[in-house]
Amino acid sequence: MTDENPPAIELGVKLGRLRLANPILVASGTFGYAREMERIVDLNRLGGLLPKTITKAPRPGNQPWRTVETTAGLLNSIGLDNDGIDAFIRHHLPYLGSLKTAVIVSVAGRTIEEFVELACRLGDEAGIAAIELNISCPNVTGGVDFGTDPDLCSRLVRDVRSNCDLPIIAKLTPNVTSVAAIATAAAEGGADAVSMINTVLGMAVDWRHQRPMLGNVVGGLSGPAIKPIALRCVHQVATAVDVPIIGIGGIASIDDVMEFLVAGASAVQIGTANYYDPTVSMRMIDALPGELRELGAATVAEVVGTLNTGPQAHRLSSTPAATPT
Ligand SMILES: Cc1cc2nc3c(=O)[nH]c(=O)nc-3n(C[C@H](O)[C@H](O)[C@H](O)COP(=O)(O)O)c2cc1C
């Protein structure tokens, strides 16, 4: 075998009943409804894409300002601004359903009944690969309780699952004491996978005017600042719960992708990085086979959760450990 003909790498991944051509997805709320990206990104190459979360009725979202850049991340309080499920099915789904990539529709409800109704409506439509339950948005009142109360979370997932045949992903918040407890509840309810993390609750202050920077006062922090929090959540869930994980949070390079896979994620979603480089996911897909080869793996699954937390765990390769200074 010469370097010109390296062994084939299998990029396909399986998360419960959901199969993806590769593990690189784009996160809800950070890629619009995809059509606006088609001239710069080959959407069919993505492992999956998640349009902005939809709700039963249209929502105007929160008052401005709704985004603020901070030192190492973006703070947003959009508040699930969307035109509602009817408009989504009429205006966006025909285009999304025509793509070859897996379309995972993110939904948010105020009650279990509303989540079930949204899932049932989508279950009747063609072109949808899975549903992501957004039980983790920090910018709306109601809904997030499902992401912080294990009993409610488990009941919600169970009810959606028993009324809808599509694979179900529960999107979790880091704003809890034990993310593993919520992931356990989602798995017990029958979730095919859990995705994590949604944004981290934060705020920014304009001290000169003695005002909060965001109209909603508080918002969700995303981007590089939250990557260590997201990795910690993925690791905690991967070691405690038998459920496939989609890692999200500050992922901006192929090295970030590999960190999440090794920590226990079977796939990843790219969020804030799309704002400063909408093509970043394409380069990650291009680079992934080479990185898997570097670890001697022929499939993505082989590297998932291979984190070695034992003594001398940092000396995994033949590279000598750095001398402490
Ligand atoms: C402007 C903005 C809007 C977002 N809207 C949604 C949304 O509608 N639904 C959702 O589940 N997550 C939403 N998110 C959260 C992202 O999907 C993602 O979970 C989070 O930003 C962490 O990933 P990142 O650091 O790569 O951005 C939004 C994030 C941003 C920055």
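See the structure above.
Rules of the game
- Residues numbered from 1 in each chain as written.
- Predicted model: local features only at pLDDT ≥ 70, side-chain atom pairs only at ≥ 80, totals over all residues.
- Heavy atoms only, no water.
- Near = heavy atom within 4 Å.
- Polar contact = N/O pair within 3.5 Å; in protein donor to acceptor, adjacent residues only side chain to side chain.
- Nonpolar A, V, L, I, M, F, W, Y, C, P; charged D, E, K, R; others polar.
- Pairing = 2+ DSSP bridges.
- Helix = DSSP H or I, 4+ residues; strand = E, 2+ residues; numbered from the N terminus.
- Axes fitted to C-alpha atoms, helices over the stretch in contact; angles between N-to-C directions.
- Contact = heavy atoms within 4.5 Å.

Engineer: When you look at the site of the ligand in this model, what are you seeing that I'm missing?
Structural biologist: Near the ligand you find 24 residues, and of these Ser28, Thr53, Gly223, Gly250 and Thr272 are the closest. Taking Lys171, its side chain carries an N or O atom lying 2.8 Å from an oxygen atom of the ligand. Within the backbone of Gly271, one N or O atom sits 3.2 Å away from an oxygen atom of the ligand. Tallied by class, residues from the shell around the ligand come to 8 nonpolar, 14 polar and 2 charged.

Engineer: It is not clear to me how the sheet that holds strand 5 (residues 67-70) should be interpreted in this structure. Could you clarify?
Structural biologist: Taken in spatial order, the 4 strands make up an open sheet running 5-6-14-11, and their pairing is antiparallel. Two strands in the sheet have a free side with no partner beyond their single neighbour: strand 5 and strand 11 (200-203). Adjacent strand axes in the sheet meet at a mean angle of 40°, parallel and antiparallel pairs treated alike. Sheet topology note: the strand 11/strand 14 (residues 218-222) ladder contains 4 bridges and is antiparallel. Counterpart to Leu201 in the pairing with strand 14 is Gly220.

Engineer: What am I meant to see in the environment of Ala252 here?
Structural biologist: Note that Ala252 resides in the loop between strand 15 (245-248) and helix 7 (254-263). Taking the C-alpha atoms as reference, Ala252 lies 8.2 Å from Thr272; in sequence the two are 20 residues apart. Those residues within four positions of Ala252 in sequence are excluded, and the remaining contacts are Ala273, Tyr276, Val280 and Met284.

By themselves, these observations are geometric and do not establish any function.
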